[in-house]
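# Examination of the molecular architecture
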Amino acid sequence: ALTGTLDKVSYYAVHLSLRIIENKESFSEKIEGNISRLLDTKDFFVARRAYNFLKLQKLSSETTQKLAGFAKKHEDRL
């Protein structure tokens, strides 16, 4: 439920939520989908934080492609 609302909160709330997920090691397909949506947000800092989190996870092929597209699009800013 927490990750379902991350596209509506501030960068700091996203950052803290991702740290909680990292600490609890509770990554799942549903969490992957919710966090991958953040790659499309207008706030680049939130998108970059999601990218940095996701690149450390074992991802589905769809999310891996989305991550690669994000990296290529923003290679000068990562």
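In short, a report on the structure. Here the structure is a predicted model, which means the values were calculated and not measured.

### With respect to the overall build of the chain
- Looking only at helices and strands, one finds 4 helices and 0 strands in the chain.
- In sequence order, the chain lays out its α and β elements as α-α-α-α.
- Projected onto the principal axes, the alpha-carbon positions of the chain cover approximately 30 × 25 × 20 Å.
- Across the 78 residues of the chain, 35% fall into the buried class.
- Taking all contacts inside the chain whose residues are at least 6 apart in sequence as the whole, residues at least 24 apart take part in 58%.
- Summed over its atoms, the accessible surface of the chain is roughly 5,300 Å², and 51% of this surface lies on carbon and sulfur atoms.
- For the chain, the separation between the mean place of its 14 positive charges and that of its 10 negative charges on side chains is 3 Å.

Reading guide: rules and limits
Residues numbered from 1 in each chain as written. Predicted model: local features only at pLDDT ≥ 70, side-chain atom pairs only at ≥ 80, totals over all residues. Heavy atoms only, no water. Helix = DSSP H or I, 4+ residues; strand = E, 2+ residues; numbered from the N terminus. Buried < 20%, exposed > 50% of the residue type's maximum accessible area, 1.4 Å probe, protein only. Contact = heavy atoms within 4.5 Å. Areas by Shrake-Rupley, 256 points an atom, 1.4 Å probe, with all protein chains shown as cover. Lys, Arg positive; Asp, Glu negative; His and termini not counted. Charge placed at Lys NZ, Arg CZ, Asp CG, Glu CD.

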